[in-house]
Structures are given as C-alpha cells and as structure tokens.
Amino acid sequence: MKVSTDVVLGIDIGTTSSKAVARSTARDTRYVEQPTPWHTSSCGQTEIDPYRLVDVAVDLIGRAVRAAESAWGPVRVRGIGVAGLGESGVLLDAAGRPAAPVIAWFDHRGGHELEQIGREAPGFAATFERTTGLRWSSQASLAKLLWLRASGYRPGPASTWLSVPEWIVFALGGDPVREPSLASRTGLIDQGTGEAWPDALAVAGLPARILPGERPAGAPAGYLRRDGVASSAAGAVLTVAGHDHPVAAIGVGAVEADELFNSSGTADVLARSIPGTLDETQRQCVVSAGWSIGRHVLPDTSLLLAGVSGGLLLRRVLAALGAESGQARAELDHASLSVGDLPAGLSVTGDGRTQDDVVIRIQDAASPAAVWTAAVRYTAGQTRLLLDDIEKIVGPHRRAVAAGGWTQMASVRVAKAAAIDAMSFSPVVQPGVTGAALLAAFALDGEGLSLADFIQGMT
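Residues numbered from 1 in each chain as written. Predicted model: local features only at pLDDT ≥ 70, side-chain atom pairs only at ≥ 80, totals over all residues. Heavy atoms only, no water.

### A word on the overall build of the chain
Threshold: Counting from the N terminus, the helices are DSSP H or I runs at least four residues long and the strands are E runs at least two residues long. C-alpha atoms define the radius of gyration in this analysis, and the globule rule sets the expected value at 2.2 Å times the number of residues to the power 0.38. The classification of residues rests on relative accessible area computed with a 1.4 Å probe and restricted to protein chains. Under 20% of the type maximum is buried, over 50% is exposed, and intermediate values are partly exposed. Any two residues whose heavy atoms approach within 4.5 Å at even a single point are treated as in contact. Per-residue and other accessible areas were derived by the Shrake-Rupley procedure at a 1.4 Å probe size, with only the shown protein chains allowed to occlude residues. Only four residue types enter the charge count, namely Lys and Arg as positive and Asp and Glu as negative; His and the chain termini do not. For the purpose of locating charges, the reference atoms are NZ of Lys, CZ of Arg, CG of Asp and CD of Glu.
Along the chain, the regular secondary structure elements total 15 helices and 20 strands. The C-alpha atoms of the chain give a radius of gyration of 22 Å, which matches the 23 Å a tight globule of 459 residues would have. Taken over 459 residues, the chain has a buried fraction of 56%. Considering only contacts in the chain between residues 6 or more positions apart, those separated by 24 or more positions represent 70%. Total accessible area on the chain is roughly 18600 Å²; 50% of this is exposed by carbon and sulfur atoms. In the chain, which carries 39 positive and 47 negative side-chain charges, the distance between the mean positions of the two groups comes to 3 Å.

Take a look at the structure:
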C-alpha cells in the first residue's frame, strides 16, 4: 500500500479568477484555476452570493487534490491557507449566517452615503485618511456597509463583518477571525492602534464588536469540518493567509524590510514593506501621494500599496494591434526589443479601465512594435511616478521583485527594469497561491520561528 504524500493547499479568491495550489513537502506544486462568478446587473452593480464563493473554494480544493493525486498518488491535506481580494466582505447575522450579498471591491455603491457624511461632517474625510491610511472613496468596506445599512441590511448588536478570505475559512469550519492585512482594507481600523476605530463605527451605525478578534496570517484558525469537501482534506488546519498582494510578496520571497513587490497582472500593483508603524501625518502624506498604508502579513511591518491599471491598458493595445494570439504576441514582443527612440508624435496614454479611454496618437513611421513599446514604457513610467512620490516620504527601496503574467514578456521586463531600481523577476508563476500555501505550512510547522525566517527557508 502506497504511503500518502502530505500536502498543503493555498487558495486565492481573486477578482477575475480564483486559484489553488497543492504543494508537497518536496516543494512540487500543482495549480488549478477557475473564474470567480460575479453577477453584474443591468445598472452595473457587481455582487455575489456568499455561498457561491464557498462553492468556488470547495471546488478548488477538490480539483487541487485530484491534480496532486494524479501526479503523486494518494495525498493527505494537512493545511489550507486562504488569501484573496480586500474590501469585499460578508455581513453575518447573530447566528453566523450571511445577511447580505458580497459587493465587489470596485463597485461604487456607498459613494452617495460617503458624500452625505462629507456634507454633514466636513472634516471627517481628512480624519478618515490619516487614521485608516485609505483614500476616502467607495472602495473601502466602510462604504459597502453604509450602503447595506441604507438599503435595509441593518447590522444588529451581534452582527459580524468578515472579509472574503475570512468568510471562506469560517464557512469551511474555522473560527471567525480578523486578519490584520485584510482588516486594514475595511476603513474601520485605526492604523495607530491596530484596533477598530470608534468614530468609523459610529458614523456607520455599527456595533462595537462588528469585527472579530485579531488572528495574524499563518496562525491556526480552526480545522476543515465542512461536508462535501474532498475527504483527504478533512481535518486540515485552516489559516487566513491575508490580503492577496502582500501574500503574493510572501510567495516570491520579498519578506525583508524596505523591499518592493510589483504584481504585474490585470492591475500593475506596487506593494512596499517598511518596518514599524507610520504616524498620522505620514499616513496622510502617503494617501495624498496616491498610495494606501495598512498592516502587512508580516508582523510589525507596514504595507504601502498603490497601482495603475497597466495590464488592462496593455491588453487593449494588444487587441488594437491584432496581437492577441500567442504567436502574434511573441512576435510583437521580440520586435519591440529592437525599438530605440520612439517616432515623433507617437504616444500611448490612458488607464485601461472600462470607463476610461486608451488613447494612441501616431504619425508616420509608427510600426506596431513602436506602438507596443510606447505602451509598455508608458505603464512603467506611471509606476515610476508613484515611486517618486512615495520615496519622498519613506525613502528608496533596497530590492524590488516583479512577478505576474505580463513579466513573461521580455519587452515588459526591459521597461520595468529601466523604471524601477534594483529590479529582479521571480520565476514563481502564481505568487498569490504560493504565498497562501507557505502560510498554511507555517500554521503547521512554524512554532518557534519568525514568519520572515520561515518564508526565507521555504523559498
């Protein structure tokens, strides 16, 4: 009888797709992926039933187990780490049941309620930014909670708010916990204390215990006890791995102070780790520079976060150039490497989001390779501008690591290396789920070690 292989699973509930990885003790991996099934109404509101997200997680666990078994034979899942998107969450009633849908982080609901607060309390928006480290916008969980309350989903004294990864762990049989990097995206946390901010709770009419007790990423948060999950995963230790961007930084080993992680996917995200906690004045400067600041997955570390929609812009430019197939994309990528100075009058600008335009201006001699080169240099330049602003506040980074789908293109790597100092490129294909799996391993075997030391030993 063949001895089973011990594995840990990492899950990343993402905006476009959700992924899982099975990682063996020999550090072999098997990835699976599927779309995240949001529903968008005719008026543009995007949401999902909380239980549909649980179905996604259960399906990913089963598929990851089957992929591992096909490669290694029988497996035993010892631990599961769940990471994912921030801001979106689940409002639970007193019995621990979902009381409302999950609103997508990019959904603008709550904007009207924020405007009303701004009129009634003119100084609150500025106080919010320097206290929470977030921009006063509809992205934070606070806005979603304001909208839910105004729409009849009124939180009671025993209601609980869980982020999406926290909800998945709870629904799988774990404890209701508050993971610091995810809680930092709610707009309900005073970054100076790390605790719930009473003024935000009061403004939203939320109970004092709307957020559960803190449990850091990589700490055990119960055991998998849900029916219908792969039997080899029953009893696995669960942990909330945290917000997807710092978890991805863990996945590529960018765990030391003053390191920069660049996630080059649909969004081009910069995640900068710095030791300790910034004061209110520094937090306001960070937000004014177009960044946010909160808790990192790493203990005693702050996370600076910013991004541009570079991947969306590049995807649109590829479509305009007729280079969406693998071969056409590879040919364009290769031709771009021979482009020096751009032709006069050529420029590519824009954000790439659905509601914004990508503007391509060309004159004679603008080849497809030149247009593509202009696009990758523009997105890299936008990243450089973000770095210039933040480094005036916190100083330069020592090391930068980039990963993600767009870094598979040599032209993108060249543009990034020219724009970002001390840049290197990670071979890790899926850093988010890789980081989540490492945090699951830490929940099992990290006793007596610092998280940073453990990650360095595993990457």
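Moving on from the model shown.
### Looking at the sheet that holds strand β19 (residues 399-403)
To keep it simple, the criterion reads: By the convention used here, strands pair only if DSSP detects at least 2 bridges between them. To define axes, lines are fitted to C-alpha atoms, for helices over the stretch in contact only, and angles between the resulting N-to-C directions are given on a 0 to 180 degree scale.
The strand order across the open sheet built from six strands is β15-β16-β14-β13-β19-β20, with neighbouring strands paired in mixed fashion. Each having just a single partner strand, β15 (292-295) and β20 (423-425) make up the two edges of the open sheet. Between one strand axis and the next, the sheet turns through 25° on average, direction left out of account. Here strand β14 (residues 268-275) pairs with strand β16 (residues 301-308) via eight bridges, running antiparallel. Looking at β16, one finds that Pro-275 is bridged to Thr-301.

### Digging into the nonpolar core
What tends to happen in soluble globular proteins is that the nonpolar side chains get buried as a cluster. Heads up, the condition is: Grouping buried Ala, Val, Leu, Ile, Met, Phe, Trp, Tyr and Cys residues that are joined through side-chain atoms within 4.5 Å yields what is termed a nonpolar core.
Among the nonpolar cores identified, the biggest contains 46 residues, and Leu-9, Ile-61, Ile-80, Ile-168 and Leu-224 are the most heavily contacted of them. Of all elements in the fold, only β1 (5-13), β2 (17-24), α1 (50-72), β6 (75-84), β7 (89-92), α5 (164-171) and β12 (237-243) reach the threshold of two or more residues within this core. By residue number, the principal contributor to this core is α1, which donates twelve residues. For Leu-9, the contacting residues outside a window of four places in its chain are Val-21, Ala-22, Ile-61, Ala-64, Val-65, Val-77, Gly-79, Ile-80, Gly-81, Ala-436, Ala-437 and Ala-440. In terms of nonpolar packing, the next biggest core, distinct from the first, is built from 38 residues, Ile-274, Leu-278, Leu-314 and Leu-387 among them.

### A few points about empty space enclosed by the protein
For clarity, the threshold we go by: A pocket, in this scheme, is an open set of points on a 1 Å grid over the protein atoms alone with protein on both sides within 12 Å along at least 5 of 7 lines, while a cavity is a set where a 1.4 Å probe fits but cannot get out; residues line either one if an atom lies within 4 Å of a point. Grid points are joined across faces, edges and corners, and a volume is the space filled by probe spheres set on the points. The classification used treats Ala, Val, Leu, Ile, Met, Phe, Trp, Tyr, Cys and Pro as nonpolar, Asp, Glu, Lys and Arg as charged, and all other residues, Gly among them, as polar.
Following the criterion strictly, the structure yields five cavities of 30 Å³ or more and no others. The space that makes up the largest cavity amounts to roughly 70 Å³. Lining the largest cavity are 13 residues, with Asp-268, Leu-314, Thr-379, Val-412 and Lys-416 sitting closest to its centre. Residues of the lining of the largest cavity, tallied by class, amount to six nonpolar, five polar and two charged. By volume, the second largest cavity is sized at about 50 Å³. Counting only elements with at least two residues in the lining of the second largest cavity, the list comes to β15 and β16.

### A closer look at the environment of Trp-372
Mapped onto the elements of the fold, Trp-372 is located in helix α12 (residues 368-394). Sequence separation between Trp-372 and Leu-172 is 200 residues, and the spatial gap between their C-alpha atoms is 45 Å. In contact with Trp-372, other than residues within four places in its own chain, are Leu-314, Val-317, Leu-318, Leu-321, Leu-332, Ser-336, Trp-406, Met-409, Ser-411 and Val-412.

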